[in-house]
Amino acid sequence: MNPNTPDKVRDLCEVELFDPERVAKVRQGMLPKDQSDHLAEIFQCLGNPTRVKILHSLFSEELCVCDLAQVLGMTPSAVSHQLRVLRSLRLVKFRREGKMAYYSIDDEHVRTLFTLGLDHVRHR
């Protein structure tokens, strides 16, 4: 292929031919729809910089909504809205202490996912 060919053309096969064994093997190992949908929701959620900042803040220690609002320079209402989204995907959890609700990372999987993503961003 001509080295001056645009990238959008260069990344295509020059012939339309597939390997039935490879295709069957990969199809057999595909994620069930509910798992692929949930994973896509998690990555979509992490596509929001505010939510990324909230998660990063919670790696240090658990914080209440007002603490997070001060850290991020946001209103408690805006932070609370983002925390509801994170909680619905089990990325954060909360505990009550009197009238206070303290948020923390749900489990080590969340920390691992975040750390791997950050390693990828910092790589190069």
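Keep in mind that this is a model prediction, so the values were computed, not measured.

Student: Teacher, can you tell me more about empty space enclosed by the protein here?
Tutor: To find leftover empty space, a probe the size of one water molecule is rolled over the atoms. By the definition in use, this model includes one cavity of 30 Å³ or more. Looking at the largest cavity, its volume works out to about 30 Å³. Lining of the largest cavity is provided by L46, L55, L91, V110, L113 and F114. Sorting elements by how many residues they give to the lining of the largest cavity places helix α7 (residues 108-122) first, with three residues.

Student: Even after reading the chapter, I still don't get the pairing of strand β2 (residues 92-97), so can you show me in this structure?
Tutor: Successive side chains on a regular strand alternate, one facing one side of the sheet and the next facing the other. Pairing analysis gives six bridges linking β2 to strand β3 (residues 100-105), with the strands arranged antiparallel. By the bridge assignment, E97 is partnered in β3 with M100. Here β2 folds back onto β3, and the loop between the two strands holds two residues, one of which, G98, carries a positive phi near 65°.

Student: Please clarify how the environment of K93 should be interpreted in this entry.
Tutor: Note that K93 resides in strand β2. Sequence spacing of K93 and I105 is 12 residues, and the spatial spacing of their C-alpha atoms is 6.2 Å. Setting aside anything within four residues of it in sequence, one finds K93 in contact with R87, Y102, Y103, S104, I105 and D106.

Student: Would you mind showing me how to read the packing of aromatic side chains here?
Tutor: To describe a pair of aromatic rings, one takes the distance between the centres and the angle between the planes. Applying the stated criterion across every chain yields a total of two aromatic pairs. Ring geometry for F59 against F114: centres 4.8 Å apart, planes inclined by 75°, an arrangement best described as edge-to-face. Taken together, the positions of F59 in helix α4 (residues 49-60) and F114 in helix α7 put the pair 55 residues apart, joining distant regions of the chain. Comparing F59 with F114, the two get one shared label, buried.

How each quantity is defined
- Residues numbered from 1 in each chain as written.
- Predicted model: local features only at pLDDT ≥ 70, side-chain atom pairs only at ≥ 80, totals over all residues.
- Heavy atoms only, no water.
- 1 Å grid on protein atoms, 1.4 Å probe; cavity = no way out; pocket = protein on both sides within 12 Å on 5 of 7 lines; lining within 4 Å.
- Points joined across faces, edges and corners; volume = space filled by probe spheres on them.
- Helix = DSSP H or I, 4+ residues; strand = E, 2+ residues; numbered from the N terminus.
- Pairing = 2+ DSSP bridges.
- Contact = heavy atoms within 4.5 Å.
- Phe/Tyr/Trp six-rings, centres within 6.5 Å; stacked < 30°, edge-to-face > 60°.
- Buried < 20%, exposed > 50% of the residue type's maximum accessible area, 1.4 Å probe, protein only.

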